[in-house]
Amino acid sequence: EQNYRSTQGILDAANALMLVLKLLDENGDGKLSAGEKSAARIAIYGHSWGGSETVALAKRLNALSIPVLLTVQVDSVEKMHENDGMIPPNVREAANFFETDGLLHGRTTIKAMDPAATKILGNFESSYKTAPVALDGYPWFARTFMRPHIEIENDAAVWNRIEKMIGAQVLQAS
């Protein structure tokens, strides 16, 4: 139930995995017991390449038999050598938020590798044609060429839904 971010606002993939493993290792012996793994309460979310990295981290945790309560991708843009469309079976629930209006837009559909293990909460589309989101402070290039991709990142309604999803998982896990 801790939220970790680097000073730059994001954790890179290797550091994120190392931090998760360190936080789960309650006795500090450098190895995760079955009990430490099963006690994990992890929600992972990201925007753009961070959305792709969300799924990549969940897959790394799956390989280590560590459960994930929730993954949320926001306008996920697949990184090379990653498949951000298939959610691994260690993830209890997953959600995908996307927009399709701009030059740069994210994945429209995610699926569970094992539908019996993972519930897809939905693939939720947003559009900003009639209700734009303010992008004060963003460079002209981003406002011009990546506007909807940046709008979804700054859409309070999207983040309120995500916050409720995370809250629901925390309550279920308690």
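A short tour of the structure in this document, coming up. (Residues numbered from 1 in each chain as written. Predicted model: local features only at pLDDT ≥ 70, side-chain atom pairs only at ≥ 80, totals over all residues. Heavy atoms only, no water.)

### Describing the overall build of the chain
At step 1: Summing up its helical and strand segments, the chain has six helices and six strands in all.
At step 2: Listing each helix as α and each strand as β along the chain from the N terminus yields α-α-β-α-β-β-β-β-β-α-α-α.
At step 3: By the compact-globule yardstick of 16 Å for 174 residues, the chain fits well, its C-alpha radius of gyration being 17 Å.
At step 4: Its C-alpha atoms give the chain principal-axis dimensions of about 50 × 35 × 35 Å.
At step 5: When the 174 residues of the chain are sorted by exposure, 40% land in the buried category.
At step 6: Here the analysis covers contacts within the chain between residues at least 6 apart in sequence; of these, 66% occur between residues at least 24 apart.
At step 7: As displayed, the chain offers around 9,800 Å² of accessible surface, 56% of which is attributable to carbon and sulfur atoms.
At step 8: Averaging the coordinates of the 17 positive side-chain charges in the chain and doing the same for the 21 negative ones gives two points 2 Å apart. (Helix = DSSP H or I, 4+ residues; strand = E, 2+ residues; numbered from the N terminus. Rg over C-alpha atoms; globule rule 2.2 N^0.38 Å. Buried < 20%, exposed > 50% of the residue type's maximum accessible area, 1.4 Å probe, protein only. Contact = heavy atoms within 4.5 Å. Areas by Shrake-Rupley, 256 points an atom, 1.4 Å probe, with all protein chains shown as cover. Lys, Arg positive; Asp, Glu negative; His and termini not counted. Charge placed at Lys NZ, Arg CZ, Asp CG, Glu CD.)

### Description of the nonpolar core
At step 1: In terms of nonpolar packing, the biggest core is built from 17 residues, with Ile42, Ile44 and Leu61 touching the most fellow members.
At step 2: Mapped onto this core, the elements with two or more residues apiece are α1 (13-24), α3 (49-63) and β4 (91-98).
At step 3: Ranked by size, the runner-up nonpolar core spans 14 residues in total, among them Leu70, Phe97, Val158 and Ile162. (Core = buried A, V, L, I, M, F, W, Y, C linked by side-chain atoms within 4.5 Å.)

### A word on the sheet that holds strand β2 (residues 68-74)
Backbone hydrogen bonds hold the strands of a sheet together, and the pairing may be parallel or antiparallel.
At step 1: With parallel pairing, the four strands of this open sheet are ordered in space as β1-β2-β4-β6. The open sheet has two edge strands, β1 (43-47) and β6 (119-125), and neither has a second partner. The sheet shows a mean angle of 10° between the axes of neighbouring strands, direction not considered.
At step 2: Note that β1 and β2 share five bridges and pair parallel. (Pairing = 2+ DSSP bridges. Axes fitted to C-alpha atoms, helices over the stretch in contact; angles between N-to-C directions.)

### With respect to the side chain of Gln169
At step 1: Residue placement: Gln169 occurs in helix α6 (residues 156-173).
At step 2: Gln169 gets classed as buried once you look at its relative accessible area, which sits at 1%.
At step 3: For Gln169, the residues in contact, after removing those within four places along its chain, are Leu69, Leu70, Arg92 and Glu93.

### Some points on a nonpolar patch on the surface
At step 1: Taken together, the side chains of Leu103, Trp140, Phe141 and Phe145 define a hydrophobic patch exposed on the protein surface, amounting to about 500 Å² of accessible area.
At step 2: Inspection of the secondary structure puts Trp140 in helix α4 (residues 140-145).
At step 3: Judged by relative accessible area, Trp140 falls into the exposed class, the value being 55%. (Patch = residues over 30% accessible without salt bridge, like charges linked within 9 Å, V, L, I, M, F, W, Y side chains within 5 Å. Salt bridge = Lys/Arg side-chain N within 4 Å of Asp/Glu carboxyl O.)

### Concerning α6
At step 1: Taking 1.5 Å of rise per residue, 18 residues should cover 26 Å, and α6 covers 26 Å from first to last C-alpha, within 8% of that figure.
At step 2: Residues Val158, Ile162, Met165, Gln169 and Ala173 constitute the buried set of α6. Looking straight down α6, one finds its buried side chains confined to an arc of 70°; they lie on one side. Exposed side of α6, more than 90 degrees from the buried face: Ala156, Glu163, Lys164 and Leu171 are the residues found there.
At step 3: Measuring from the side-chain oxygen of the N-cap residue of α6 to the backbone nitrogen of Ala157 gives 2.9 Å; that N-cap residue is Asp155. (Expected span 1.5 Å × (residues − 1). Arc of directions from axis to C-beta. Polar contact = N/O pair within 3.5 Å; in protein donor to acceptor, adjacent residues only side chain to side chain.)

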